[in-house]
Structures are given as C-alpha cells and as structure tokens.
Amino acid sequence: MEVKPSDHRKPLYLMATINGVQVKRALVDMGVSVNLITLSTLEVVGLTSRRILGAPIEITGFGGSAESTEGYVQLALRVGPIVALTIFHVINSKVSYHVLLGRPWLHKYRFIPSTYHQCIKGRLNGRPIRIPANLNPFSQGEVNFVETMFYDKLEPNNESPTLGTLRAPVLEEEEEEEEEDGGNAYDLRDLLDKKRQKKETSSSRSREWSADSTGKGTAGSLTQEICGCIRMTYDEMPGLDPKLVVHSLNVDPGVKPAIQPARVFHTDTEAQITQEVKKLLATAFIKPIQHLKWLSNIVPIKKKNGQIQCCVDFRNLNKACPKDEFPLPNVDLCVDSGVGNSMFSFMDGYNGYSQICMAAKDAKKTAFRTPIENFHYIMMPFGLKNAGATYQQTMIAIFHDIVHKEMENYVDNIVVK
C-alpha cells in the first residue's frame, strides 16, 4: 500500500533566543546571503539603535527591488544547542519573520535545512543533531500575514486585532515565573511598555548585583548563563577537531635524534614533578612511551607561591625543525585598532595551547623523562618552536569572519572591541 507523503508549503521557522527573549519566527532561507533582523525585534530584545554599527548596505530582494539596511549588530543567538555571536543586518520593514538566518549562519555550522521535513540537521561535537521547526509560529491576531494560510492551527491570542490594523510581530518572552495557563504570547507594544517600565524601575534603584544562595538574581542568572560557555578545568576541554588543525614538527630528516642525559632533582622537587605529571596524565594531554628516538628533560621552574611549573627542554628538537614563516600580526596595530571604540577587552587564551592535537607521526618526538616514567605529548605543548604559528593559524581559521572587525588577536592574546 502506497503512503502518500504529507503535502505542505510551510516555510521553515525556528525557535531562537536573543538577549533572553524567545523569538518565535527565525526564518531559515538558503537564498539569502546575509542574516537579517528587524528594527522592531531589536527594540523588543532590549537593544537600542545605538548598538547598530557600520554603514548601510543595499540588499536586493526578489524581483530586483532594493532596500537599504540601517547597519549591523552582533548579538548572542541561541538556536537549539547552538549559542554563538551572530552578525545581523538591521532592516526597518514590516515582514513576517523576526530574524532571518541566511547562508552565513547555515554555512558556519554546516547545517542542512529542509522545509519539507521542517527541520535542520548537522553535527555538534562529532554527534548528529536535529533542530525541529516551530510548528505554531503565528497567533490568531496575526492573520494579516499571508504565511498563516499554510498553518491549520494558530496560537490563541487574548487581544483580538481591529479590522485593517497591522499587528507587529509577536515574541514570547521567557519569564522567571510562568503563569498558570502556561504563558501567553504578548503583543509587541505590550513588551515594549514592559521594557520601559523595567528600565524606569531599575534606574530609580541603586545599581547592585544581588544573588542568593540558590544562584537566583541578576548576578546569579548571568553567571549560570555564562558558565555553559566557559570551561573551568582541563578535563572539560575536548580539544579541537584534528580535521581543523594538528601541529606537525617537520623535523629535518638529516638531523640525528637526540636523547638528553638524565638530570638529578631533590626528592621534594621530584615529588612535585610527579604530581604535575599525574595531572597531565589524568587530562589525557600525555601518554606513556617505551620505544623512542627523541628524549628531553623536564625543567622545573619555581613560582612565587613555592610550587613549580614543569617545562620541557625541547632545545634539541627545536633546532631540528625549520621555522614556520606564517605571518604574525603587529601587536601595536592590534592595540591601536581599538581607537574610537567605546570599550574593549583584553583576554589571554593560553589554555588554548592544550587544545591542539599533535600530528600522530610527530607525537613520539615530544617524549620527555620524568621520575616515574617516560611520556610524550598528545596535545601541542608550549615549548615547541612553531607552536605560536600553529596557534595563530587556528585562531584565523576559527574567527576569520570577525577578525579585524570585532576582534584582533596576536597568538593567544585577544582584543575584543
């Protein structure tokens, strides 16, 4: 018996969250070369026109009609499990969607959209993911949009629109306490009024961050939101995909491998070295090795607090490796690029060195001697000759679309402006 497939002409709308406000209609469109957001949506999520940057550009739509944008904004967009900063061009138009996700967003995460199956598919951390569409993107008060004819069910709306009145897009705002009826969709004007009231209330009070023991409150909520994007320990860092980058040594084949003579340490120093090595072993940054041709010594560096930092003497190995001439940016120009911005932030990404894998053919050459056993690095260590060049190439590959715009970087030093 042949089963007839469901026939529909629905567009692909996703649920998204911008600045804590849930957006019901994030339209996915493969035919658009930019991401768009309406000016009314920007106001609802609590952002003013002052956040709009850049010069207007002309966008040509279907039929050749052109329209100028107001500029662009960079917003934290959440769609399903994907949370990332996304650039949107702002338009001042009455359209059926709140935001439009075009090819830049789809290609960045290698998503495959399907309007027929009403979902997008892709991979996240090596695992397949599926983000379904919002099957009820319109309310009963939005029948003025022609797309509502494709949907059999419309969400109820408390306020019925007057005949001929065009209603603005409806957003669902995530409240800390939901109402008993499950929450209703609010009109855009109601949300704008609530935003103004909250702003007036907050300005009359003293600006304090408060959080109780359960983590509720302004600071606690912000901390919980950020903690999902920050890794605090090494074992939470999965490392970068080897398909993106690995560190190769490119050792001169004419150089004879070197095994450094063993060094003698005080028993207290040996105990501290062993403790540090066990930390690296527990996080799978190193692994034991038996048959080796290159062997380096550990060099303990004493810190001000009395602890030691274990470095590896890679001088013999580095002499055998030609220099990687990948061009590094000028530090002064990176800092000067922040001139004219209202604020900028300096960040240090030194932990990133431990996120780049060693090439399998070269990993054993990083072998080093410890008081308990010989080990070699699985992840790229600090002391290798061309580690900085590999790190810079990785940063350019990851942030190519925002480097020299919203950020500058010099190896592991980042300036966000």
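Above this text is the structure in question.
Everything in this summary refers to the structure shown in the same document. What you see is a predicted model; the values in this text were computed from it and never measured.

Thresholds applied
- Residues numbered from 1 in each chain as written.
- Predicted model: local features only at pLDDT ≥ 70, side-chain atom pairs only at ≥ 80, totals over all residues.
- Heavy atoms only, no water.
- Pairing = 2+ DSSP bridges.
- Helix = DSSP H or I, 4+ residues; strand = E, 2+ residues; numbered from the N terminus.
- Axes fitted to C-alpha atoms, helices over the stretch in contact; angles between N-to-C directions.
- Contact = heavy atoms within 4.5 Å.
- Disulfide = S-S within 2.5 Å.
- Buried < 20%, exposed > 50% of the residue type's maximum accessible area, 1.4 Å probe, protein only.
- Polar contact = N/O pair within 3.5 Å; in protein donor to acceptor, adjacent residues only side chain to side chain.
- 1 Å grid on protein atoms, 1.4 Å probe; cavity = no way out; pocket = protein on both sides within 12 Å on 5 of 7 lines; lining within 4 Å.
- Points joined across faces, edges and corners; volume = space filled by probe spheres on them.
- Expected span 1.5 Å × (residues − 1).
- Core = buried A, V, L, I, M, F, W, Y, C linked by side-chain atoms within 4.5 Å.

Bringing the sheet that holds strand 21 (residues 407-410) into the picture now. On the basis of which strands lie adjacent, the open sheet formed by three strands has the order 17-22-21 and antiparallel pairing. At either margin of the open sheet sits one strand with a lone partner, and together these are strand 17 (345-348) and strand 21. Taking each pair of neighbouring strands and ignoring which way they run, the sheet shows an average axis angle of 20°. Pairing between strand 17 and strand 22 (residues 413-416): four bridges, direction antiparallel. Paired with M347 across the two strands is I414, which belongs to strand 22. The sheet contacts of helix 8 (residues 387-398) involve strand 21 and strand 22, and relative to strand 21 the element is tilted by about 165°.

It is worth spelling out the state of the cysteines at this point. Here, disulfide denotes a covalent bond that connects the sulfur atoms of two cysteines. Counted according to the given criterion, the structure contains zero disulfides. Here C311 is not disulfide-linked; the sulfur of C310 is the nearest cysteine sulfur, at 7.6 Å. Residue C311 is classed as partly exposed on the basis of its relative accessible area, which comes to 30%.

Quick look at the side chain of H376 now. For H376, the position within the fold is in strand 20 (residues 374-377). Residue classification places H376 among the buried positions, given a relative accessible area of 7%. A polar contact is formed between the side chain of H376 and the backbone oxygen of A363, at a distance of 3.4 Å. Excluding residues that lie within four positions of it along the chain, H376 makes contacts with F285, I286, K287, P288, I289, A363, K364, T366, A367 and F368.

Here we come to empty space enclosed by the protein. One pass over the structure, following the stated rule, counts one cavity of 30 Å³ or more. The volume enclosed by the largest cavity comes to roughly 40 Å³. Forming the boundary of the largest cavity are H247, S248, L249, N318, C321, L384, K385 and N386.

Here helix 8 spans 17 Å end to end across 12 residues, near enough to the 16 Å set by a 1.5 Å rise per residue. Among the residues of helix 8, A387, G388, A389, T390, Y391, Q392, T394 and M395 are the ones counted as buried.

Before going further, it helps to spend a moment on the nonpolar core. With 33 residues, the main nonpolar core has L14, I37, L42, W105 and F111 as its most contacted residues. Mapped by element, the contributors of at least two residues to this core are strand 1 (13-18), strand 2 (21-28), helix 1 (39-44), strand 6 (71-79), strand 7 (82-91), strand 8 (99-101), helix 2 (103-108) and strand 11 (127-132). Leave out the neighbours within four places in its chain, and L14 touches V23, K24, R25, A26, V28, V79, W105, I120, I131, P132, A133 and N134. Listed in part, the 31 residues of the second largest apolar core include V245, M380, M407 and I414.

Our focus in this paragraph is the pairing of strand 1. The element strand 1 is largely enclosed, with a buried count of five among its six residues. Across five bridges, the pairing between strand 1 and strand 2 is antiparallel. Bridge pairing in strand 2 places T17 opposite Q22. Count of turn residues in the strand 1/strand 2 antiparallel hairpin: two residues, of which N19 carries a positive phi of about 55°. Where strand 1 and strand 6 come together, two bridges link them in antiparallel fashion. Looking across to strand 6, one finds that I18 is bridged to L77.

Right, let's talk about the pairing of strand 15 (residues 296-302) for a bit. Bridge analysis of strand 15 against strand 19 (residues 368-369) gives two bridges, and the strand direction is parallel. Its bridge partner lying in strand 19, N297 is registered against R369. The antiparallel pairing of strand 15 with strand 16 (residues 308-312) creates a hairpin that spans five residues between the two strands, and G306 there sits at a positive phi of about 95°.

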